[in-house]
Amino acid sequence: MTKPDLRAIWRCVLTVSLAVCMLTAPVQAQSLLSTSPDDSEAAVAELPEPLTEETANALLSRLSDSEVRALLLEQLNAQATTDAEAEAAEIEDFIYHLTFGAVEQTAIAIQRLPLLFTEQARAFSTFGNFVGANGLLAIAGYFLMVLAGAFAIEFAFRRLIRSWLVLPPKREDSQSIRQAVVPLAKRLTSEIVSVAIFMFAAAQITRHAVPGYYHPFFMLVGPWLIGLPRMSAAVGRFFMAPNAPDYRIVTASDETARAMVFHMFWLGMVIGIGQVIVPFNAANGVPVGETRIGAWMNFAVHLYVALLFWRYWDEAIDMMRGGYDDLSPAEDWIARIYPYFGIGVAIATWWIVNVVVSYGNFRLLDGVPQYKTLAILTFAPAMDTAIRGLVRHLAPPMTGEGPVAERAYVSTRRSYVRIGRVLVFGLVLVAVASFWGMSPTRLASAGVGERFAASLMEFLLIIAIGYLIYEVVSLIINRKLAAEMTASGYNPNAEEIGGGDGGGAGGSRLSTVLPLILGVSQAAIVVLFLLLGLSNAGVDTTPLLAGAGIVGLAIGFGAQKLVTDVVSGIFFLIDDAFRTGEYVEVDGTMGTVEKISIRSMQLRHHRGPVHTLPYGEIPKITNYSRDWVIMKLRFTVPFGTDPNKVKKIFKSIGAEMMEDPLFQDDFLQPFKSQGVLEFDDVGIVMRGKFMAKPGTQFTIRKELLSRVNKKFEEAGIDFARREVRVAIPGLDDHDKLTEEDKATIAAAATEAAQEMAEAPAGPGKPGD
């Protein structure tokens, strides 16, 4: 074999060896990994079955720390997956019962409607066969005996309290709320006690005079078919007073009032029939769910209520309006949708019963919470009329006089009405929750539907409490603000706002700061209780707080000018540099302080323009309305006028105005003369001055000018008038002027007068 052939063979062997090594390297690496210690850490041990304390200790004794950690992580992941699946299943189950489950229950009731009549006839037949014909006659006889005896005892009791059962005659003057409600409350109490005495007497007569096997029937029929309808009618007479319109709490005509009492009686009767017929059928061989007669009776009650709202649509709206003409647009809108609300409540409560039945939780309906909820929700809006009537009599009297006091009084009454509404809302919410057993502690571990109801109830209660605090704080601050503004004499209906020509008395320091305090307080209450409500409802508020912190940081870096304005405004308010209603000047800008905010102030010029000035741009403030104002007046009289005579006239005018009841309270110092000020090219300039309260100086000035003019006229003193004299050299005889000379003189005089008229006036400020 030649040498080149050997080299070729060795190259082939080397190539094959390298290829084998490259192919087997991954396999060797995989075998190394499979036998490494990490493989034992990645493996997860299985929990022994059954899992006892001994098996658990044995498992832990042979596992390493990494294996225990892996086992724990696996179990936690499995539990989280199970919890998520369970929660999703609960939500899906809740949505099913809320929709298809309730529809299915309604469909079942419709399907079993043909059985209703046959099975009901079978129940009556079973009862008749059990007691027999003589038994039925005996029941009728015993029933009449019990009724007669109980009514006799009740009649005797009514004779004793007949003064409480009859309303007093109508008073000629308007009745107070106490005089109207107390007789109605006495009558309601008397009727309820009378019904209770009737029921107690009937129970005692039944116990002692009726055979024992009839007792269940009598004890079932009496409370539901006699007691409940009479109680319902008594409550209806309390609110409607069908025969005494002067005592009627809600607004309704006599015909409507009588109809409402009638329907409340029969509505109670329908409810009672439903509560009697279901246990009667169960006792006579017809199961509760066999005919679904309870569902049909429940439907009849809710349909009855919906039809009442439909029949008395306009009457329900008038009842909500309460006969008031000063309704706000929101109150009028609520009154117009009240019939829709009543029908909606009737449908909603009927549907909730179907949802409860679809869950199979019949025990929840034992206390008839649906009827209690229906009653309190349908009548809750009507309580608004009663609230407004109570506020009309219980609201505090108006403080002070004037338009500000009147507006504050109206605002106070509206605040009391809103507070009453919030209280009624809270009481209704708590009552409905108690009807359905929805206390937060009881529902903490319940299903998703109950948890949702509990969270919603907590959220609404927190929001109601927050709104109540919001209204109370607003009421207190607004009443104090109105008192301050009334004391300062502020009149929002004045023809000349801010003192007319500029400058006013201004409000107090407290009246300037209170609007800011009110705005900050309201914002803080809204944010605080909204966060509390969301937190109790299960919403994580941490991102909201973090976002607010980021926004605050951004404002701190990006809006330094805003921070400067806010800080400057705080120090201006601390220094009491200005108040609302005062006339100030800020770097040449003048006006009355009309509004202040946390960042800027608004100045209303006496000619109308409004200037908005950020606090950070105010170098200094000149206040023309603080404490007192001095006004100086100039009068020019001809040369030769006696200045002492003018001084006496000024003094007499000042004394007269100090005694005038229209002006004497506005003066701080009377009007008096300051003597001769100067001589000009017209005459003698006399000056007078007076000191007055800010905002009154312009009215005083008008009166002063009028009196000076009148006094000068009586004393024969004329005001100096500007004259233009044209001197023509060489003209000694003015009677011989030609027409050309007269035209030249007239042109020169016109030119001089025009120059004087066009001369710029000096700068002036209030009081100059």
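If you're wondering where the values come from, they're calculated on a predicted model, not measured in any experiment. Going along each chain's sequence as written, the residues are numbered from 1 onward. Totals for whole chains, interfaces and linings use every residue, but because this is a predicted model, local features are given only for residues with pLDDT of at least 70 and side-chain atom pairs only at 80 or more, for both listing and counting. Computation of side-chain values: all heavy atoms of the structure, hydrogens and water removed.

Student: Explain the nonpolar core to me, please; I cannot follow it from the model alone.
Tutor: Across soluble globular proteins, nonpolar side chains show a tendency to be buried alongside one another. Counting 51 residues, the largest nonpolar core has Met240 and Val301 as the members making the most contacts within it. If you list the elements that add at least two residues to this core, you get α5 (113-160), α7 (177-209), α8 (215-240), α9 (254-283), α11 (293-311), α12 (313-321), α13 (329-359) and α14 (369-379). Ranked by residue count, the leading element in this core is α9, at 9 residues. Whether two residues are in contact is decided by their heavy atoms, any of which lying within 4.5 Å being enough. Contacts of Met240, omitting those with residues within four sequence positions, involve Arg248, Val250, Ala252, Ala257, Met260, Val261 and Met319. Remark: nonpolar core denotes a set of buried residues (Ala, Val, Leu, Ile, Met, Phe, Trp, Tyr, Cys) joined through side-chain atoms within 4.5 Å. Exposed residues in this analysis have more than 50% of their type's maximum accessible area, buried residues have under 20%, and partly exposed residues fall in between, with area computed by a 1.4 Å probe over protein chains only. Counting residues in hydrophobic clusters, the runner-up holds 22 residues, among them Leu633, Phe635, Phe671 and Val708. Here a strand is any run of E in DSSP of at least two residues, a helix any run of H or I of at least four, and the numbering for each starts at the N terminus.

Student: Honestly, the side chain of Glu191 in this entry has me stumped. Any pointers?
Tutor: Here Glu191 shows up in helix α7. Assessed through its relative accessible area of 8%, Glu191 is described here as buried. When near neighbours in sequence (up to four residues on either side) are disregarded, Glu191 contacts Arg158, Leu165, Ala234 and Arg237.

Student: Explain the pairing of strand β2 (residues 589-596) to me, please; I cannot follow it from the model alone.
Tutor: Within a regular strand, side chains alternate between the sheet's two faces. The pairing criterion for strands is at least two bridges between them, as found by DSSP. Relative to β2, strand β1 (residues 583-586) runs antiparallel, the two sharing 4 bridges. By the bridge assignment for β2, Val584 is matched with Gly591. The hairpin formed by β1 and β2 contains 2 residues between the paired strands, and Asp587 there has a positive phi angle of roughly 50 degrees. In sequence, β2 turns back onto strand β3 (residues 600-604) through a hairpin of 3 residues.

Student: I'm lost on the pattern of salt bridges in this one. Help?
Tutor: Any two side chains of opposite charge can pair, given that their charged atoms come close. Counted as salt bridges are all cases of a side-chain nitrogen of Lys or Arg within 4 Å of a carboxyl oxygen of Asp or Glu. According to the stated counting rule, one finds 13 salt bridges in the structure shown. The salt bridge partner of Glu119 is Arg122, with a shortest N-O separation of 2.4 Å. Here Glu119 pairs with Arg122, and both are found in helix α5, just 3 residues apart, close to one helical turn. Glu119 sits in the buried class, given a relative accessible area of 14%. Residue Arg321 is joined to Asp318 by a salt bridge in which the shortest nitrogen-to-oxygen separation is 4.0 Å.

Student: Is there a simple way to explain α11 in this structure?
Tutor: Think of an α-helix as turning once every 3.6 residues; residues three or four places apart then point the same way. For a helix, the expected span equals 1.5 Å multiplied by the number of residues minus one. An ideal rise of 1.5 Å per residue puts 27 Å on 19 residues; α11 measures up with 26 Å between its terminal C-alpha atoms. All buried positions along α11 are accounted for by Ile293, Met297, Asn298, Val301, His302, Tyr304, Val305, Ala306, Leu308 and Phe309. Considering only its buried residues, α11 is in contact with α5, α9, α10 (288-291), α12, α13 and α14.

Student: What should I look at first to understand the pairing of β3 in this one?
Tutor: Examined bridge by bridge, β2 and β3 share 4 bridges and lie antiparallel to one another. Bridge pairing in β3 places Ile596 opposite Met601. Sheet topology places β3 next to strand β4 (residues 610-614); 5 bridges connect them, and they run antiparallel. Directly across from Arg604, in β4, lies its bridge partner Val610. Remark: 5 residues form the turn of the hairpin made by β3 and β4, two consecutive strands paired antiparallel; Gly608 in that turn has positive phi of roughly 120 degrees.

Student: Help me understand a nonpolar patch on the surface, please; the structure alone is not making it clear to me.
Tutor: A patch consists of residues exposed above 30% relative accessible area that lack any salt bridge, with like charges linked at up to 9 Å and nonpolar side chains (Val, Leu, Ile, Met, Phe, Trp, Tyr) linked at up to 5 Å. For the accessible areas, the method is Shrake-Rupley and the probe is 1.4 Å, while residue cover comes only from the protein chains on display. Together, Val563, Val567, Ile570, Phe571 and Ile574 make up a nonpolar patch on the protein surface, roughly 440 Å² of accessible area in all. Locating Ile574 in the fold gives a position in helix α20 (residues 560-574).

Student: Sorry, what's going on with the confidence of the model for the protein here?
Tutor: Detailed reading of the predicted coordinates is not advisable wherever pLDDT is low. Per-residue confidence from the prediction method is given by pLDDT, with values spanning 0 to 100. With 73% of its residues at a pLDDT of 70 or more, the protein shows a mean pLDDT of 77. When pLDDT is averaged over each element of the protein, α11 comes out on top at 94 and helix α1 (residues 3-34) at the bottom at 42. Here residues 1-42 scores under 50 on pLDDT; set against residues more than four positions off or in separate chains, the count is 7 contacts. Here residues 495-500 scores under 50 on pLDDT; set against residues more than four positions off or in separate chains, the count is 10 contacts.

Student: Would you explain the packing of aromatic side chains in this entry?
Tutor: We describe a pair of aromatic rings using the distance from one ring centre to the other and the angle between the two ring planes. For Phe, Tyr and Trp, where Trp contributes only its six-membered ring, two rings pair if their centres lie within 6.5 Å, and the inter-plane angle classes them as stacked under 30 degrees, edge-to-face over 60, or tilted in between. Counted under the stated rule, the structure contains 24 aromatic pairs. Their ring planes at 90 degrees and their centres at 5.4 Å tell us that Phe265 and Trp266 sit as a pair that is edge-to-face. Since its relative accessible area comes to 26%, Phe265 is described here as partly exposed. Judged by relative accessible area, which is 39%, Trp266 ranks as partly exposed. Ring pairs connect the aromatic residues Phe124, Phe127, Phe143, Phe217, Phe218 and Phe280, which therefore count as one cluster. Over a ring means this: the NZ of a Lys or the CZ of an Arg is within 6 Å of the ring centre and within 35 degrees of the ring normal. Taking NZ or CZ as reference, Arg230 lies 5.5 Å from the ring centre of Phe198, over its face. The cationic tip of Arg311 hangs over the ring face of Tyr312; the distance from NZ or CZ to the ring centre is 4.5 Å.

Student: Help me understand the packing of α5 against α8 in this model?
Tutor: Any two packed helices are characterised by the angle at which their axes cross and by the distance between the axes. Two elements in contact, α5 and α8, have axes separated by 11 Å at closest approach and are oriented at 45 degrees. Comparing their axes, α8 and α5 come out oblique. Once α5 is placed against α8, the crossing between them reads as right-handed. Facing α5, whose interface residues are Phe127, Ile139, Tyr142, Phe143, Val146, Leu147, Phe151, Glu154 and Arg158, α8 presents Phe217, Phe218, Val221, Ile226 and Arg230. For this classification, Asp, Glu, Lys and Arg are treated as charged, while Ala, Val, Leu, Ile, Met, Phe, Trp, Tyr, Cys and Pro are nonpolar and the rest, including Gly, are polar. Residue composition of the contact of α5 with α8, by class: 11 nonpolar, no polar and 3 charged. To get an axis, fit a line to the C-alpha atoms, keeping to the stretch in contact for a helix; angles then go from 0 to 180 degrees between the N-to-C directions. Roughly parallel means an angle under 35 degrees; roughly antiparallel, over 145; roughly perpendicular, 65 to 115; everything else is oblique. Should the near helix be turned anticlockwise from the far one by less than a right angle, the crossing is termed left-handed; should it be turned clockwise, right-handed.

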